[in-house]
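# Observations on the model geometry
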Amino acid sequence: ELCDESAPKSDFRAAKSAQLAAVRMGADSSVPTVEDNGYGVESDEQAANRFKRSKPPAGALKHRLLVLHGHGSNNDISELQVLNLQLAKKHGVQCDFLSAQIETTARDGTIAQLSPGPFHTWFHLSGLVGTLVGQGPGVAGGSLHDSLCRIIEHLQTHGPYDGVYGFSQGAVMATLLCSETVWRGIGGLTACPFRFAILANAGGTSVVNRISIAQCGRGKGEDATPLCKPQLPAGVPSLHLIGKRDWHRSSSQQLVSAFEPATARTYTHAHGHEIPMALLRDRELQSALAAFFAEL
């Protein structure tokens, strides 16, 4: 997710390790500061819910953002991504990093080198089409449904948020959370909990069209509520970050149609399935982010 293919691997690993260490220790003044219960020391509640909170420099707060990592990843990787996007430094964004609870292996060797783990996923793909017969991740008690319920509980406890950011599988979760099928059908909310969404290198987006989701989080069997397809397009402004060399590029492009066309914006960066450090030098990306935030 973060491999900078233009740099020698040894230099890349050293730079990324140094950046991650700076994030955790707060040693770099250009890195967003963290609250006392932030990166290095989590409160008991945060540890139990696997989330961390950053904040931009004092007086710069403009937006609160919930950040969802990809499959086989974690909050360490998400922290590096938002640093490389300069969301706090240049756009006044405070980030809450929420981790999934299903433990899995690191998505690749690079991720494993950047973080000691553990690594997590939001849902299992096995049994995806089984929702038609009352099985699969979208039914009550399924892995996807459980993750959506947990995120909504987090929103109710730690919100409100202005927006949601999702990378890869996290972009799928962010999209579903912007659907009325989820925020009303599962969460019982009266309005979408986000004013905008940032979807980075979205992968596995066929789930959005194939999944059926149990409503209201009720029981199983004959008394279960109907399984519903996500109601889309979501009516919130969206910014889609797409990698020119991403093997999930077509998936990222397909997800654009899951959001209101009039307020959907796209930016294609020159890299793969990653938000690399090289994007720190991408002025066009910063212009796209600034323009997107200005439209909100």
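Here is what the cut-offs are and how they apply
Residues numbered from 1 in each chain as written. Predicted model: local features only at pLDDT ≥ 70, side-chain atom pairs only at ≥ 80, totals over all residues. Heavy atoms only, no water. pLDDT = per-residue confidence, 0-100. Contact = heavy atoms within 4.5 Å. Pairing = 2+ DSSP bridges. Helix = DSSP H or I, 4+ residues; strand = E, 2+ residues; numbered from the N terminus. Axes fitted to C-alpha atoms, helices over the stretch in contact; angles between N-to-C directions. Salt bridge = Lys/Arg side-chain N within 4 Å of Asp/Glu carboxyl O. Buried < 20%, exposed > 50% of the residue type's maximum accessible area, 1.4 Å probe, protein only. Parallel < 35°, antiparallel > 145°, perpendicular 65-115°, else oblique. Left-handed = near helix turned anticlockwise from the far one by under 90°. Core = buried A, V, L, I, M, F, W, Y, C linked by side-chain atoms within 4.5 Å. Expected span 1.5 Å × (residues − 1). Arc of directions from axis to C-beta. Polar contact = N/O pair within 3.5 Å; in protein donor to acceptor, adjacent residues only side chain to side chain. Phe/Tyr/Trp six-rings, centres within 6.5 Å; stacked < 30°, edge-to-face > 60°. Lys NZ or Arg CZ within 6 Å of the ring centre and 35° of its normal.

Right, let's get into the confidence of the model for the protein chain. With 75% of its residues at a pLDDT of 70 or more, the protein chain shows a mean pLDDT of 81. Scored below 50 in pLDDT, residues 1-12 shows 36 contacts in the model against residues more than four places distant or in partner chains.

We now examine the sheet that holds strand E1 (residues 51-53). Taken in spatial order, the 7 strands make up an open sheet running E1-E3-E2-E6-E7-E10-E11, and their pairing is mixed. At either end of the open sheet lies a strand with only one pairing partner, and these are E1 and strand E11 (264-269). Between one strand axis and the next, the sheet turns by 20° as a mean value, whatever way the strands run. In terms of strand pairing, strand E10 (residues 238-243) meets E11 through 6 bridges, oriented parallel. Paired with His240 across the strands is Thr266, a residue of E11. Along the sheet, helix H7 (residues 169-177) makes contact with strand E2 (63-68), strand E6 (163-167) and strand E7 (196-200), crossing E6 at roughly 150°.

All chains considered together, the criterion is met by 8 salt bridges. With a shortest N-O distance of 2.7 Å, Arg53 and Asp96 are connected by a salt bridge. Taken together, the residues Arg53 in strand E1 and Asp96 in strand E3 (residues 93-98) connect sequence positions 43 residues apart. Taken as a pair, Arg53 and Asp96 share a single burial class, namely buried. For Arg265, the salt bridge goes to Glu295, with nearest N and O atoms at 3.2 Å. Separated by 30 residues along the polypeptide, Arg265 in strand E11 and Glu295 in helix H11 (residues 283-295) bring together distant segments of the chain. Three or more residues joined by partner-sharing salt bridges are found here, namely Lys52, Asp76 and Glu79.

At a minimum axis separation of 11 Å, helix H6 (residues 143-158) and H7 run at an interaxial angle of 65°. Relative to H7, H6 is oriented roughly perpendicular. Crossing angle aside, the handedness with which H6 passes H7 is right-handed. Together, Leu144, Ser147, Leu148, Ile151 and Ile152 of H6 and Met173, Leu176 and Leu177 of H7 make up the contact between the two elements.

To continue, consider the nonpolar core. Residues Leu68, Leu148 and Ile151 are the most contacted members of the largest nonpolar core, which totals 36 residues. Contributions of two or more residues to this core are made by E2, H6, H7, E7 and helix H9 (206-210). If one sorts the elements of this core by residue count, H7 sits on top with 6 residues. If we ignore the near neighbours within four places in the chain, the residues touching Leu148 are Met173, Leu176, Leu177, Val182, Ile186 and Ile213. Within the second largest apolar cluster, 23 residues are counted, among which are Cys95, Tyr165, Phe196 and Ala200.

This part is about H11. Look at H11: 19 Å from first C-alpha to last across 13 residues, which is about the 18 Å you get at 1.5 Å a residue. Within H11, the full set of buried residues consists of Leu285, Gln286, Ala288, Leu289, Phe292 and Phe293. Down the axis of H11, the buried set is contained in an arc of 160°. They therefore lie on one face. Across from the buried face of H11, at angles greater than 90 degrees, the exposed residues are Arg283, Glu284 and Ala294. Between the side-chain oxygen of the N-cap and the backbone nitrogen of Glu284 there are 3.2 Å, and the N-cap of H11 in question is Asp282.

A full pass over the atoms with the stated rule returns 3 aromatic pairs. Each ring, one from Phe196 and one from Phe293, has its centre 5.8 Å from the other, and the planes form 85°; the classification is edge-to-face. With Phe196 in strand E7 and Phe293 in helix H11, the pair connects residues that are 97 residues apart, well separated along the chain. This pair shows no difference in class: Phe196 is buried, exactly as Phe293 is. A cation over a ring is seen here: Arg64 above Tyr161, with NZ or CZ 4.5 Å from the ring centre.

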